[in-house]
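Now for the letters of each chain:
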Amino acid sequence: MIDKKVALTMAQTIYSGLRLSGEIMMGDISMLNETWGIEGSLSFKLGKGNMPVIEINNGLAQASIALQGAHILSFQPKGESELIWMSEDATFAAGKSLRGGVPICWPWFGAHASDSSLPGHGPARTVDWKPIASKSLADGRTSISLEMQQSDQVKAICGHPLQVQLHITVGKGLDIALETKNLGDTPFALGQALHTYFQVSDVRKVSVEGLEGCEYLDKVDGFARKKQDGTVTISQETDRVYVNTGNHMRIVDTGLKRCIVISNKGSASAIVWNPWVETAEKMGDLGQDGYLNMLCVETANAADDVIELAAGDTYVMSTEYRIEGII
Ligand code: TA6
């Protein structure tokens, strides 16, 4: 049995080399399992498109996470139906953003403020992340932490020395924390979002509570600033950045007879998005009428809520997803 530290270094060297060359070999997967696997609850495998995926299956829930983008692909508590929507037409290919799951928008949300040649929502969701910790918790939950690989290309795109890690804990609920450290000697304006696609029975029959009275920027109306009257319902293309939000939102789904409770920390903005018919067709990777079964409710630091991160400081934005019955 080789020393864990040596295995770790070898795994990271082999992994980043092979991955960048677009090839992952089973030997590499076994090295990842050797270093970070947890008997009976966490393992690595090659998923769709030969992408390395973390599979978590403990007594409380199951989840899967692609190493590319540290992209959560699924989360299903025991006895409940899937919480996360993935498009049946998602393209699983190196460097391609995946339609569905929990894409990480970082270190900006939406279009880059000054350079339209840079990728929308930043580079984090399409580059490789590496495992840095895994743990089986006493209460039966399983945690995994990943750190974004900083290639020269990524450093150039970010334009500032930063470190970013994602901490995921899988239990009856799903806890996600996005941690950024400013490694530079000047402040950095950090924008980010957990761009979560939630599975819903029929988007026309759900409502989002917790945003009542909040102001929002309406992207489908020239980013006009408006005020939310009552709960959010969807009957057309909806693309809104809510600001000065509270910490709790609920997606009430009468079709699935459940509420998805979203509890945020370190976030005072949220995006609600459904492309509806025309935009969904133009995007071409949402599957046949896929837009009817998804709703994005995104925990963010966007618009008025972009974080001024001082040199050397660390900032954590986190959320928890829980399922409750309909009251
Ligand atoms: O979060 C909503 C949004 O900004 C929409 O405007 C739409 O562009 C969506 O993200 C999907 O973006 P993507 O780059 O993943 O196609």
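Here the structure is a predicted model, which means the values were calculated and not measured.

What to know about the pattern of salt bridges
Applying the stated criterion across every chain yields a total of 13 salt bridges. One salt bridge in this structure joins glutamate 324 and arginine 250, with 3.2 Å as the shortest N-O distance. In this pair, glutamate 324 sits in strand E23 (residues 314–325) while arginine 250 sits in strand E18 (residues 248–253), placing the two residues 74 residues apart along the sequence. Between glutamate 320 and arginine 322 there is a salt bridge, with its nearest N and O atoms 3.0 Å apart. Judged by relative accessible area, glutamate 320 falls into the partly exposed class, the value being 28%.

Topic: the sheet that holds strand E19 (residues 258–265)
Taken in spatial order, the nine strands make up an open sheet running E6-E7-E8-E9-E23-E19-E18-E13-E16, and their pairing is antiparallel. Two strands bound the open sheet, and with one partner strand each, they are strand E6 (129–136) and strand E16 (232–233). Relative to E23, strand E9 (residues 174–182) runs antiparallel, the two sharing eight bridges. What sits directly across from leucine 174, in E23, is tyrosine 321.

The rules we used
Residues numbered from 1 in each chain as written. Predicted model: local features only at pLDDT ≥ 70, side-chain atom pairs only at ≥ 80, totals over all residues. Heavy atoms only, no water. Salt bridge = Lys/Arg side-chain N within 4 Å of Asp/Glu carboxyl O. Helix = DSSP H or I, 4+ residues; strand = E, 2+ residues; numbered from the N terminus. Buried < 20%, exposed > 50% of the residue type's maximum accessible area, 1.4 Å probe, protein only. Pairing = 2+ DSSP bridges.

Taken by themselves, the reported measurements are silent on function.
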